[in-house]
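Per-entry structural report
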Amino acid sequence: MDSTNYTCICLILAVFLFVLNTGCEAQLSSEFYDNTCPNALSTIRTAIRTAVSRERRMAASLIRLHFHDCFVQGCDASILLDDAPSISSEKKAVNNDNSIRGYNVIDDVKSQVESICPSTVSCADIVAVAARDASVAVGGPTWTVKLGRRDSTTASRSLAESNLPKFTDSLEILKALFGSKGLNERDLVALSGAHTIGQAKCATFRDRIQSNASDIDAGFASTRKRKCSSDEDSNDNLAALDLVTPNSFDYNYFKNLIQKKGLLASDQVLFSGGSTDSIVTEYSKSSSSFPADFAAAMIKMGDIEPTTGSQGQIRKFCNLVN
């Protein structure tokens with residue numbers, strides 16, 4: 001065989017293997033369950049509406065759950081796994097322990113979906129859809145959720161410790177962290193806008209309201225001190241992240257930042273003379289640009305390293321590997 005023919009055969013084989021490999025990598029699609037579980041989305045939507053109607057705060061918790069899942073190993077429901085001999089649960093990570101909520105809601109939804117379509121719909125997809133439906137339930141934007149994720153068989157507490165943003169992070173650290181996930185400054189500010197709803201514990205903002213720093217409104221700090229003293233007994237006391245409209249998905253969060261009324265230090269750094277000031281200003285003046293960008297950023301976040309194809313599994317119970 002001459003060298004020309006050999007080269008041609010090698011090229012043909014390489015192309016064949018590439019095509020074969022590409023075909024094996026399943027792509028996410030909003031129609032993924034149309035044939036295998038056509039009632040999956042309506043079942044999830046009804047369950048999330050019920051959960052949020054029982055407790056308005058749950059909407060913020062479910063959005064945060066999706067965020068904390070995607071930032072560690074990708075959107076693979078690793079955050080839902082309990083400790084096991086071979087698993088170091090992410091639930092025990094500093095930013096999750098006694099903080100992340102909504103596990104019981106996801107478990108309930110999974111049970112309902114399993115009853116109509118056994119071993120078909122992944123926990124990872126349920127978490128992603130639940131975040132979208134939670135947003136809608138409190139007047140926030142909707143978006144098309146791409147589906148077809150599979151559940152991981154591993155979790156990583158150490159990655160959760162290093163990959164999740166902290167409430168004390170500087171703007172530069174936040175930009176680097178989000179950038180490592182393929183998210184830009186606009187995504188960072190838009191996703192932070194989820195703090196238009198939800199609450200935070202005193203332990204996460206005590207230092208900020210006690211600091212007497214120039215980046216916090218004195219009256220705002222005084223109000224927050226009423227339920228968050230320097231005494232550690234108040235650590236678990238809650239305060240709304242948005243003092244003005246704590247239960248509505250709107251853009252008051254950004255107005256608060258401009259007025260130096262961001263509850264967490266990691267909120268206020270978004271408007272502190274840095275590169276994101278202009279985005280905060282834009283969102284504070286528009287009732288349309290923030291929801292649109294939030295929806296786009298949620299779709300983008302949902303694309304972070306999904307487990308697909310023959311990887312992973314479809315868990316029967318979200319907290320346990322099959």
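One can find the structure itself at the top, above this paragraph.
Residues numbered from 1 in each chain as written. Predicted model: local features only at pLDDT ≥ 70, side-chain atom pairs only at ≥ 80, totals over all residues. Heavy atoms only, no water.

1. Focus: the packing of aromatic side chains
Formally: A pair of aromatic rings is counted whenever rings of Phe, Tyr or Trp (Trp by its six-membered ring) have centres within 6.5 Å, and the orientation is called stacked for planes under 30 degrees apart, edge-to-face for over 60 and tilted otherwise. Each helix is a run of H or I in the DSSP string that is no shorter than four residues. Each strand is a run of E no shorter than two, and both are numbered from the N terminus. Each residue's exposure class comes from its accessible area (1.4 Å probe, protein chains only) as a fraction of the maximum for that residue type: buried when under 20%, exposed when over 50%, partly exposed otherwise.
Using the criterion set out here, one finds 12 aromatic pairs in the structure. Relative to F178, the ring of F71 lies with its centre 5.1 Å away and its plane at 65 degrees, an arrangement referred to as edge-to-face. With F71 in the loop between α3 (58-70) and α4 (103-116) and F178 in helix α7 (residues 171-179), the pair connects residues that are 107 residues apart, well separated along the chain. Classification of F178 as buried rests on a relative accessible area of 3%. Residues W143 and F294 carry aromatic rings whose centres are separated by 5.9 Å and whose planes lie at 75 degrees to one another, so their mutual orientation is edge-to-face. Highlighted residues: W143 in the loop between α5 (123-137) and α6 (157-163) and F294 in helix α14 (residues 289-302), separated in sequence by 151 residues. Taking relative accessible area as the criterion, W143 reaches 7% and is therefore assigned buried. On the accessibility criterion, F294 (0% relative accessible area) is buried. An aromatic cluster is built from W143, F249, Y253, F254, Y283, F290 and F294, whose rings are joined through pairwise contacts.

2. So, the pattern of salt bridges
Let me state the cut-off plainly: Any carboxyl oxygen of Asp or Glu within 4 Å of a side-chain nitrogen of Lys or Arg constitutes a salt bridge here.
This model, assessed by the stated rule, comprises 16 salt bridges. One salt bridge in this structure joins R132 and D133, with 2.7 Å as the shortest N-O distance. The pair R132 / D133 is uniform in exposure class, with both members buried. Across the pair R186 and D293 runs a salt bridge, and its minimum N-O distance is 2.6 Å. Here R186 is found in helix α8 (residues 185-192), whereas its partner D293 is found in helix α14, with 107 residues between them in sequence. The exposure class of R186 is partly exposed, given its relative accessible area of 30%. Beyond isolated ion pairs, a larger network of salt bridges with shared partners links D83, K92 and R157.

3. Observations concerning α14
Where we set the bar: By this rule the span expected of a helix is its residue count minus one, scaled by 1.5 Å. We call two residues contacting when some pair of their heavy atoms lies within 4.5 Å.
Taking 1.5 Å per residue as the helical rise, α14 with its 14 residues ought to reach 20 Å, and the 20 Å between its terminal C-alpha atoms agrees with that figure. Next to the buried residues of α14 lie α3, α5, α8, α11 (252-258) and α13 (277-285).

4. Some words on the side chain of K181
Positionally, K181 belongs in the loop between α7 and α8. With near-sequence residues (within four places) excluded, K181 lies in contact with F71, N163 and I304.

5. Quick notes on empty space enclosed by the protein
The probe, sized like a water molecule, is rolled over the atoms to show the empty space still left. Quick reminder of the rule: A 1.4 Å probe that fits but cannot get out identifies a cavity on a 1 Å grid over protein atoms alone, an open set with protein on both sides within 12 Å along at least five of seven lines counts as a pocket, and a residue lines either if it has an atom within 4 Å of a point. Grid points are joined across faces, edges and corners, and a volume is the space filled by probe spheres set on the points. For this classification, the nonpolar set comprises Ala, Val, Leu, Ile, Met, Phe, Trp, Tyr, Cys and Pro, the charged set comprises Asp, Glu, Lys and Arg, and every other residue, Gly included, is treated as polar.
Applying the stated criterion across every chain, the model contains 1 cavity of 30 Å³ or more. Looking at the largest cavity, its volume works out to about 70 Å³. Lining the largest cavity are H66, A128, W143, T144, V145, K146, R149, M298, I299, G302 and D303. Among the elements that make up the lining of the largest cavity, the one with the highest residue count is α14 (3 residues). Classifying every residue of the lining of the largest cavity gives 5 nonpolar, 3 polar and 3 charged.

6. Quick look at the nonpolar core
Note the threshold: Joining through side-chain atoms within 4.5 Å is the link that ties buried Ala, Val, Leu, Ile, Met, Phe, Trp, Tyr and Cys residues into a set, and such a set is a nonpolar core.
Of all hydrophobic cores here, the largest spans 74 residues; its most connected members are I48, L65, F71, L80, I106 and F294. In contact with F294, other than residues within four places in its own chain, are I63, S135, P141, W143, A190, L191, A194 and F249. Ranked by size, the runner-up nonpolar core spans 12 residues in total, among them F205, F220, L263 and L264.

7. So, the packing of helix α9 (residues 202-210) against helix α10 (residues 218-225)
Convention followed: Axes here mean lines fitted to C-alpha atoms, for a helix over just the part in contact, with angles spanning 0 to 180 degrees between N-to-C directions. Roughly parallel means an angle under 35 degrees; roughly antiparallel means over 145; roughly perpendicular covers 65 to 115; every other angle is labelled oblique. Crossing handedness is defined as follows: a turn of the near helix away from the far one that is anticlockwise and smaller than a right angle gives a left-handed crossing, while the clockwise case is right-handed.
At a minimum axis separation of 9 Å, α9 and α10 run at an interaxial angle of 135 degrees. Judged by the angle between their axes, α9 and α10 are oblique. Considering only the axes of α9 and α10, their crossing is left-handed. Along the contact surface, α9 presents F205, I209 and Q210, while α10 presents A221, R224 and K225. By residue class, the composition of the contact of α9 with α10 is 3 nonpolar, 1 polar and 2 charged.

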